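So you can see what is in the structure, the chains are spelled out below.
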Amino acid sequence: MEITNVTEYEAIAKEKLPKMVYDYYASGAEDQWTLQENRNAFARILFRPRILIDVSKIDMTTTVLGFKISMPIMVAPTAMQKMAHPEGEYATARAASAAGTIMTLSSWATSSVEEVASTGPGIRFFQLYNRNVVEQLVRRAERAGFKAIALTVDTPRLGRRESDIKNRFTLPPNLTLKNFEGLDLGKMDEANDSGLASYVAGQIDRTLSWKDVQWLQTITKMPILVKGVLTGEDARIAVQAGAAGIIVSNHGARQLDYVPATISALEEVVKATQGRIPVFLDGGVRRGTDVFKALALGASGIFIGRPVVFSLAAEGEDGVRKVLQMLRDEFELTMALSGCRTLSEITRNHITTEWDTPRPLARL
């Protein structure tokens, strides 16, 4: 059966993967309300397409932190990709590079920064969680040619993911968290709840604060994206703290349940930054229409997470390439049918949301 959209990869991944692994990738926190809402909120945003515009040439290229990419669709950091496919992060890196876009490598990857760099050229960002061993990791990422840091700020503790507790989730015995090899960080064992939860409790720094965002700038020249902002208040502080950009994220709905969908929080964050730094979004993007909606609400680009691991599980590098191509094709079609030829032509007037005030009728 031919796969015609991104969502179809999830069912294939579910069939192929061990239950523990599929559940780890697929689940959200507690009631998983935000997990559904990340998708549902996109469905409540409608288009106001403009017609009779020459759309014979569509340009989707954009610049992120000074790096030119083919489209505003990038790869989010997702942990332990070799659980999905033996080639793991190698395959994802090659697929992102072939698509002319950015890959973000999780610090909890099953391939190291050096290994990912060895796959060939590509623009890559590195995701960090905490101060623990940060200096070594940052140096290594810099040496391996990574271009920016995405600092995850929504995880002073790990969210409660009940399927991981039920499954007693732990990293399969043949895999290791490669960026931490040789560093004394202990092992992920089967624990009474979730091996991951216990391991993370030892790794994650509950004292992480805005001071650390400033400290990070003293140890690296790489620009820092603050990932996990959901409010205008924190967006303003991020600007003051010297962040190069913000990623509006609820950690794929895996941390605090009942936070809004990222697409619902986006506009507040964009307004608070007053155009001083770019704002990106992750969470729930499954269609080219979703990409357009995010850009119409002020995002400079989006990141995809689960579609990458599900397509990786289904078809390896080829699957990830197809996901990026399908989203690209759908986004291009959405632009054309909305009457937009460049990203700068996508405006707030191209969509309507539930929170809009009714528009006065234009005078004829």
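Since this is a predicted model, take the numbers as computed values, not measurements.

### Considering helix 10 (residues 232–240)
And then number 1: Those residues of helix 10 not exposed but buried are G232, A235, A238 and V239. All buried residues of helix 10 project into a common sector of 115° when viewed along the axis, lining one side.
And then number 2: G242, located one to two residues past helix 10, shows a positive phi value of around 90°.

### Regarding the pattern of salt bridges
And then number 1: Throughout the structure, instances matching the rule amount to 17 salt bridges.
And then number 2: R139 is the partner of E142 in a salt bridge, and the nearest nitrogen-oxygen pair spans 3.1 Å. Of the two residues, E142 and R139 are both situated in helix 6 (residues 134–143); the distance of 3 residues between them amounts to about one turn of the helix.
And then number 3: On the basis of relative accessibility, which here comes to 31%, the residue R139 falls in the partly exposed class.
And then number 4: Close ionic contact of K322 with E315 constitutes a salt bridge, the shortest N to O distance being 2.9 Å.
And then number 5: Taking relative accessible area as the criterion, E315 reaches 29% and is therefore assigned partly exposed.
And then number 6: A cluster of three or more residues bridged by salt bridges with shared partners is formed by E87, R94, E317 and R321.

### Section: empty space enclosed by the protein
Empty space left among the atoms is revealed by rolling a probe the size of a water molecule over them.
And then number 1: Under the criterion given, the structure shown has 3 cavities of 30 Å³ or more.
And then number 2: Computed from the structure, the largest cavity encloses a volume of approximately 480 Å³.
And then number 3: Contributing to the lining of the largest cavity are 33 residues, with P77, T78, H251, G252 and R254 lying nearest its centre.
And then number 4: Of all the secondary structure elements, the ones that give two or more residues to the lining of the largest cavity are helix 2 (19–26), helix 8 (195–203), strand 11 (301–304) and helix 13 (306–338).
And then number 5: Looking at the lining of the largest cavity, the element that brings in the most residues is helix 13, giving 3 residues.
And then number 6: Split by residue class, the lining of the largest cavity holds 16 nonpolar, 11 polar and 6 charged.

### Description of the environment of V116
And then number 1: Inspection of the secondary structure puts V116 in helix 5 (residues 113–117).
And then number 2: Between the C-alpha atoms of V116 and Q203, which are 87 residues apart in sequence, the distance is 23 Å.
And then number 3: Apart from residues no more than four positions distant in its own chain, V116 is found in contact with E89, A93, M103, L105, S111, R124 and F146.

### A short note on the nonpolar core
And then number 1: Of all hydrophobic cores here, the largest spans 101 residues; its most connected members are I263, L266 and F331.
And then number 2: Element by element, the count of residues in this core is highest for helix 13, at 13 residues.
And then number 3: In contact with F331, other than residues within four places in its own chain, are M60, P72, I73, G288, V291, F292, L295, L343 and I346.
And then number 4: By size, the runner-up hydrophobic cluster in this structure holds 12 residues, among which are I69, A76, L225 and F280.

So, how was this worked out
- Residues numbered from 1 in each chain as written.
- Predicted model: local features only at pLDDT ≥ 70, side-chain atom pairs only at ≥ 80, totals over all residues.
- Heavy atoms only, no water.
- Buried < 20%, exposed > 50% of the residue type's maximum accessible area, 1.4 Å probe, protein only.
- Helix = DSSP H or I, 4+ residues; strand = E, 2+ residues; numbered from the N terminus.
- Arc of directions from axis to C-beta.
- Salt bridge = Lys/Arg side-chain N within 4 Å of Asp/Glu carboxyl O.
- 1 Å grid on protein atoms, 1.4 Å probe; cavity = no way out; pocket = protein on both sides within 12 Å on 5 of 7 lines; lining within 4 Å.
- Points joined across faces, edges and corners; volume = space filled by probe spheres on them.
- Nonpolar A, V, L, I, M, F, W, Y, C, P; charged D, E, K, R; others polar.
- Contact = heavy atoms within 4.5 Å.
- Core = buried A, V, L, I, M, F, W, Y, C linked by side-chain atoms within 4.5 Å.

Geometry only, nothing functional implied.
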